[in-house]
Amino acid sequence: LARPQGTSAPPEPDKIAVNSPVSRRTLRQSGYPGQRPVPVEALRYEKSSRHGKIQHQNPKAGQKKTRLLVLTDFDKKRSERQLEVLQRFLNDSRVRFDITIKPHPATKGVQFSTYCRNSTVSHQPLRVLFKKTDMVFASNSTTGALDAFCAKLPVVTFLDPSRLNMSPMREIKKAHFASYRDWE
């Protein structure tokens with residue numbers, strides 16, 4: 001750390017680790033000198049590339065339901081809103097779904113199945129759940145969306161218009177986003 005000369009400003013780091021072009025661009029737009037941001041790999045995404053070889057189990061003969069995996073948010077209120085919007089969509093949809101809810105680890109003890117009728121809750125690892133999933137509906141901030149994308153699953157990320165888009169998928173061109181306004 002170095003304190004800018006001739007000032008009483010707090011010390012500044014010599015380098016700043018950034019894990020995406022978006023982070024680097026944001027820092028530069030904020031006025032940070034170009035030599036400070038150093039590209040690094042985010043440790044939380046380290047396992048994502050391993051999902052690419054998942055062998056999906058084909059739906060059983062005659063299965064008429066799409067197997068939907070719901071990945072909730074770390075925030076209970078956002079998760080509730082996500083599931084309320086999903087239930088509203090399901091009420092209006094002709095497509096039938098077999099829904100599995102995978103709660104975020106930070107929301108232990110919350111009974112999410114009460115928010116979405118005819119759903120089951122699973123705490124199995126994502127690599128296991130992905131094998132029996134056709135599509136993923138993920139919260140805005142979960143890295144599970146990126147894991148699903150790397151596993152070659154279609155992913156729709158739920159955005160609450162009153163919150164920042166913190167999705168690790170926000171700069172991916174093939175990413176799909178939906179908000180509750182889409183169903184109102």
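The structure this text deals with has already been given above.
Residues numbered from 1 in each chain as written. Predicted model: local features only at pLDDT ≥ 70, side-chain atom pairs only at ≥ 80, totals over all residues. Heavy atoms only, no water.

Undergrad: Quick question: what am I supposed to make of the environment of R127 here?
TA: Within the secondary structure layout, R127 lies in helix α3 (residues 126–130). Assessed through its relative accessible area of 51%, R127 is described here as exposed. Through-space distance from the C-alpha of R127 to that of A148 is 8.9 Å; in sequence the pair is 21 residues apart. (Helix = DSSP H or I, 4+ residues; strand = E, 2+ residues; numbered from the N terminus. Buried < 20%, exposed > 50% of the residue type's maximum accessible area, 1.4 Å probe, protein only.)

Undergrad: Where do I start with the pairing of strand β3 (residues 65–71) in this structure?
TA: In summary, the side chains of a regular strand alternate between the two faces of the sheet. Within β3, five of the seven residues are buried, which leaves the element mostly enclosed by the surrounding structure. Bridge count between β3 and strand β4 (residues 96–102): seven bridges; the pairing is parallel. Its bridge partner being in β4, L71 is matched across the sheet by K102. For the crossover that starts at β3, traverses helix α2 (residues 76–92) and ends in the parallel β4, the hand is right-handed. Note: β3 against strand β6 (residues 135–138), four bridges, orientation parallel. Bridged to L69 within β6 is V136. (Pairing = 2+ DSSP bridges. Right-handed = clockwise from strand over helix to strand, strands pointing away.)

Undergrad: What should I look at first to understand the pairing of β4 in this one?
TA: Most of β4 sits out of view: five of its seven residues are buried. As defined by bridge partners, β4 adjoins strand β5 (residues 119–121) across three bridges and the pair is classed as parallel. What sits directly across from T100, in β5, is T120.

Undergrad: Quick question: what am I supposed to make of the side chain of Q82 here?
TA: Along the polypeptide, Q82 turns up in helix α2. Among the residues examined, Q82 registers a relative accessible area of 0% and is labelled buried. For Q82, the side chain forms a polar contact with the main-chain oxygen of F137, separated by 3.3 Å. Not counting residues within four places of it along the chain, the set of residues in contact with Q82 comprises V70, L71, T72, D73, F137, A138, S139 and F158. (Polar contact = N/O pair within 3.5 Å; in protein donor to acceptor, adjacent residues only side chain to side chain. Contact = heavy atoms within 4.5 Å.)

Undergrad: Help me understand the pattern of salt bridges in this model?
TA: Side chains that carry opposite charge are capable of pairing whenever their charged atoms lie near each other. In the structure shown here, the tally under the stated rule is four salt bridges. Notably, a salt bridge pairs R78 with D73, separated by 4.0 Å at the nearest N-O pair. Given the relative accessible area of 2%, D73 is considered buried. When the shortest N-O distance is used, the salt bridge between E80 and K76 registers 3.4 Å. With E80 and K76 both in helix α2 and four residues apart, this pair spans about one turn of that helix. Overall, the relative accessible area of 9% leaves E80 in the buried class. Residue K76 is classed as partly exposed on the basis of its relative accessible area, which comes to 39%. (Salt bridge = Lys/Arg side-chain N within 4 Å of Asp/Glu carboxyl O.)

Undergrad: Explanation requested: α2 in the structure shown.
TA: For the α-helix, the turn length of 3.6 residues means that residues three or four positions removed from each other point alike. Compared with the 24 Å implied by 1.5 Å per residue over 17 residues, the 25 Å span of α2 between its first and last C-alpha is a close match. Within α2, burial applies to S79, E80, R81, Q82, L83, V85, L86, Q87 and L90. Packing partners of the buried residues in α2 comprise β3, β4, β6 and β7 (155–159). Sitting at the amino-terminal end of α2 is D75, which places a side-chain oxygen 3.2 Å from the backbone nitrogen of K77. (Expected span 1.5 Å × (residues − 1).)

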